[in-house]
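This is what each chain is made of:
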Amino acid sequence: ITERDHFLVFYAGHGIWDERLNQGFWLPSDARLSSKAQWLSNSTIRDYIGGIKSKHTLLITDACFSCSIFKERAVSFENSRAVLEMYKLTSRKAMTSGALKTVPDKSVFITYLTKNLINNDQPLLSAEELFRTFKIAVINNSPNGQVPQYGAIGQVGDEGGDFIFLKRPDK
């Protein structure tokens, strides 16, 4: 990864909230609830993202309690010129399937994320705009009213930019 690259991290799996530590964790496939040895904290993920020297880094997680990675909220923008300006600035953003609660195992979040990526017709699509296209559908169609989140990951070098998806020309 170089300072000109765009880096996407995707995690779909289990997460847990530790009340004593006030911290969310990812639970890899070898993790056990009885031992934190294999748990991966959101603060560790945030530290790793801070060490990635990419132009734009986007973390997409579909796991319970993954939104505890946020420190601040992102700003809005609407048109292609704004997208190009956002492209110039460094970004460290995250998109999570829910807030600080459990999310369903059958992912409504992934269903609408992929549907909106596939159906996108814009040549340039910011991660924030992508998120706005499906957030309400996830809330309305999840069995527990999960509320997906999007924003800047705090204290890891976000300068207000955004991850930009480039539409592949039709073949």
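Up top is the structure.
Residues numbered from 1 in each chain as written. Predicted model: local features only at pLDDT ≥ 70, side-chain atom pairs only at ≥ 80, totals over all residues. Heavy atoms only, no water.

### Focus on the pattern of salt bridges
- The final tally for this structure, using the stated rule, is 5 salt bridges.
- Here R132 ties to E128 by a salt bridge, and the two come within 3.9 Å at their closest N and O atoms. Placement of both R132 and E128 in helix α4 (residues 127-141) is noted, with a separation of 4 residues, approximately one turn of the helix.
- Using a relative accessible area of 31% as the deciding quantity, one classes R132 as partly exposed.
- When the shortest N-O distance is used, the salt bridge between E129 and R132 registers 2.2 Å. Here the residue E129 and the residue R132 both occupy positions in helix α4, the gap between them amounting to 3 residues, near one helical turn. (Salt bridge = Lys/Arg side-chain N within 4 Å of Asp/Glu carboxyl O. Helix = DSSP H or I, 4+ residues; strand = E, 2+ residues; numbered from the N terminus. Buried < 20%, exposed > 50% of the residue type's maximum accessible area, 1.4 Å probe, protein only.)

### As for the sheet that holds strand β1 (residues 6-12)
- Pairing is mixed across the open sheet formed by 4 strands, whose spatial order is β1-β5-β6-β8. Strands with a single pairing partner mark the edges of an open sheet, and in this sheet they are β1 and β8 (149-152). Going across the sheet, the axis of each strand differs from the next one's by a mean of 10°, ignoring polarity.
- Sitting on the sheet, helix α3 (residues 108-119) is in contact with β1, β5 (56-62) and β6 (91-96), with an inclination near 140° to β5. (Pairing = 2+ DSSP bridges. Axes fitted to C-alpha atoms, helices over the stretch in contact; angles between N-to-C directions. Contact = heavy atoms within 4.5 Å.)

### Remarks on the packing of aromatic side chains
- For the structure shown, the criterion picks out 7 aromatic pairs.
- Taking the centre distance of 5.6 Å and the plane angle of 65° together, the rings of F109 and F134 count as edge-to-face. Within this pair, whereas F109 is found in helix α3, its partner F134 is found in helix α4, the two being separated by 25 residues in sequence. Of the two residues, F109 and F134, neither departs from the other in class, the shared state being buried.
- Each member of the aromatic cluster is reached from another via a ring pair, and the members are F109, F131, F134 and Y150. (Phe/Tyr/Trp six-rings, centres within 6.5 Å; stacked < 30°, edge-to-face > 60°.)

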